[in-house]
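So the chains spell out like this:
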Amino acid sequence: MTKEEELRQKVLAATKEYYTYQYDKNKSFSDGDRISYGGRVFDEQELVNLVDASLDFWLTTGRYCKEFETEFAKFLDVKYCSLTNSGSSANLLAFMALTSPKLGDRSIKKGDEVITVAAGFPTTVAPIIQYGAIPVFVDIELPSYNIDVRMLEKALSDKTKAVMIAHTLGNPFDLQAVKDFCDMHQLWLIEDNCDALGSRYQYNGTWKYTGTIGDIGTSSFYPPHHMTMGEGGAVYTNNLQLKRIVESFRDWGRDCWCPSGNDDTCKHRFSQQFGELPRGYDHKYVYSHFGYNLKVTEMQAAIGCAQLRKLPEFIKKRRENWQRLYDGLCDLDKYFILPQPIKNAKPSWFGFLLTVQEGAGFSREAIVTYLEKQGIQTRMLFAGNLLKHPCFDEMRQQQRDYRVVGGLENTDKVMHQTFWIGVYPGMTDAMIDFMVTKIREFTKNRGRS
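Read on for an overview of the structure. Note that the structure is a prediction, hence the values are computed from the model and not measured. (Residues numbered from 1 in each chain as written. Predicted model: local features only at pLDDT ≥ 70, side-chain atom pairs only at ≥ 80, totals over all residues. Heavy atoms only, no water.)

The interhelical angle for the contact between helix α2 (residues 44-56) and helix α9 (residues 298-329), taken along N-to-C directions, is 155 degrees, at an axis separation of 8 Å. On the basis of their axis angle, the class for α2 and α9 is roughly antiparallel. For the pair α2 and α9, the crossing hand works out as right-handed. Listed contacts from α9 to Gln45, Glu46, Asn49, Leu50, Ala53 and Ser54 of α2 are Glu298, Met299, Ala302, Ile303, Cys305, Ala306, Gln307, Arg309 and Lys310. Tallied by class, residues from the contact of α2 with α9 come to seven nonpolar, four polar and four charged. (Axes fitted to C-alpha atoms, helices over the stretch in contact; angles between N-to-C directions. Helix = DSSP H or I, 4+ residues; strand = E, 2+ residues; numbered from the N terminus. Parallel < 35°, antiparallel > 145°, perpendicular 65-115°, else oblique. Left-handed = near helix turned anticlockwise from the far one by under 90°. Contact = heavy atoms within 4.5 Å. Nonpolar A, V, L, I, M, F, W, Y, C, P; charged D, E, K, R; others polar.)

The structure is reproduced here in C-alpha cells:
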C-alpha cells in the first residue's frame, strides 16, 4: 500500500466515524416536530464518496461522473445519459438540442410551436419562450393532473414541432396517446421526468421507465427529488445524434465530443474542415452551437453514485408512503379530489395531491394554514396557472406570442383549490399517520356535515 492509499483510507475511515457521530441518530417523531414535504436521505457512503472525490481534487467532470452516467443509463435501460448541473438545465438542454441545424428540417426554429401545459413548473416552458418558439397551452385533466390528451389534435398546427410536458408529481401522463400523436405527426417528445424518476408505464405492452419513451427525458437531483446530488440533473436518450448535440450545448457549444481530459478520441483532431476556419483547425475549439457551460462537478456526481444504489428502495418507500396516505384519506372524497394513477402506470410519487371540492365547507387557504400550524409542510402544484404570473405580464407587454387552445378550467381549479403534502423516503409511518389524523380532524371540525 502506498502512502497516498494509506492516508486516503484513514481519511475515509474518519469520515465514516464522523457520519456516525453527527448524523446517525435515531430520533423518533413526536407531536410538534416539523414534517417537511421532502428532504435528503443519506448515510455514510455519500460522505465517503464526497470526501474521496475531493481528495482527487479533480473538480470538474471525472471518474464519478462517468460512473454515474453509465450506471444511471443502465438503471433506466437507455443508451445515453448526460449529466448537467440542474433539472432546469436538463430541460434547457433537451429543448435546445432540438433547435440544432444538424437536425435539418426537423429542427425547431423561432416561431415554431411546442404543445405544453400551464399547470406545472416554469422551467418546463421557459426554454421554449427563451428561444423564441411559441408555447401552445392546453388544459389538464383530473384526477391525474396531467395533459388532457383530447386537446392534442386541436392544438396541432402546421407550425407544431414538439410536445414538452412533465409527469405531474410522479404520475405518468398518457404516454401511449401522446407518443402515438407525436409519431403520427413527426413531432419530438420531451418527457420532463424531474418529478417522476422510477415511474413506469406500459407502452405498447412493455413496461418502461418514464423519461425513456419520448425522444429525450430529463431528471433533477435537487434535494427533495427522488435522489439528490444537492444540485444536478440529467438528460437521457437512445439517439446518439441527440446525445452529442445535448453535450455540445452543455459544453460551450463545441463540436468535439472527446471526454473531458481526453484528446483526439475521433483520431481526426487536426484533419477536418469546419465552416470558414483553416483546414485542420483544432477540433477541440470548433463550435457548432451557441452553447453554455452547464456541466456538473465531480463531487456532486460522487454523491449521486451513492444515492443511485439506494434509488430502488427510495422508489419503494415513496409508493408505500403514498398508499398509506391514500388508505387513510380515501373516504374523504366529499371534501377532496383524491389523486389517481392513470391506467397502465406505476407511479413513483413525488407528493400527495389534494384538491378541495366545491362546497367542501372550507377553502384551500384554511386547511393549508391549519396544517402549516401543525408543523406539516405543504406546497402548491407549482405555478398553478403559469399564465397568471408576472412573467406573462411581461410577455404580453412585449407582445410575445403564445397560444391557448380551449379553456384552462382545470388549470385554474388547481391554482385555486389544490395543494400537496410529501411522501419522501425520510418519512416514518408515525409522520404519515400524524398527517392523516390532522387532515381528518380538520375536515371533521371545519367541513360540511
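The structure having been displayed, the exposition proceeds.
Residues Trp252, Leu277, Tyr281, Tyr285 and Tyr287 make up a contiguous nonpolar surface patch of about 540 Å² in total accessible area. Overall, the relative accessible area of 42% leaves Trp252 in the partly exposed class. (Patch = residues over 30% accessible without salt bridge, like charges linked within 9 Å, V, L, I, M, F, W, Y side chains within 5 Å. Areas by Shrake-Rupley, 256 points an atom, 1.4 Å probe, with all protein chains shown as cover. Salt bridge = Lys/Arg side-chain N within 4 Å of Asp/Glu carboxyl O. Buried < 20%, exposed > 50% of the residue type's maximum accessible area, 1.4 Å probe, protein only.)

Here the focus is the sheet that holds strand β13 (residues 345-346). As summarised here, the arrangement of the three strands in space is β9-β8-β13, forming an open sheet in which the pairing is antiparallel. Every interior strand has two partners, whereas the edge strands, β9 (206-209) and β13, have only one. Here strand β8 (residues 200-203) runs beside β13; their pairing, made up of two bridges, is antiparallel. Counted as the bridge partner of Arg200 is Lys346 from β13. (Pairing = 2+ DSSP bridges.)

The interhelical angle for the contact between helix α3 (residues 63-76) and α9, taken along N-to-C directions, is 25 degrees, at an axis separation of 7 Å. For the element pair α3 / α9, the angle class is roughly parallel. The two elements α3 and α9 cross, and the hand of that crossing is left-handed. Residue-level inspection shows Arg63, Tyr64, Cys65, Glu67, Phe68, Glu71, Phe72 and Phe75 of α3 in contact with α9, the latter providing Glu298, Ala301, Ala302, Gly304, Cys305, Leu308, Arg309, Leu311, Pro312 and Ile315.

Let us now look at the side chain of His167. Structurally, His167 is set in the loop between β6 (160-166) and α7 (175-185). On the basis of relative accessible area, His167 is assigned to the buried category, the value being 1%. Polar side-chain contacts of His167 include one of 2.8 Å to the side chain of Glu191. Beyond its immediate chain neighbours, meaning those up to four positions away, His167 contacts Asn146, Pro172, Phe173, Leu175, Glu191, Asp192, Asn193, Asp195, Ala196, Thr210 and Gly211. (Polar contact = N/O pair within 3.5 Å; in protein donor to acceptor, adjacent residues only side chain to side chain.)

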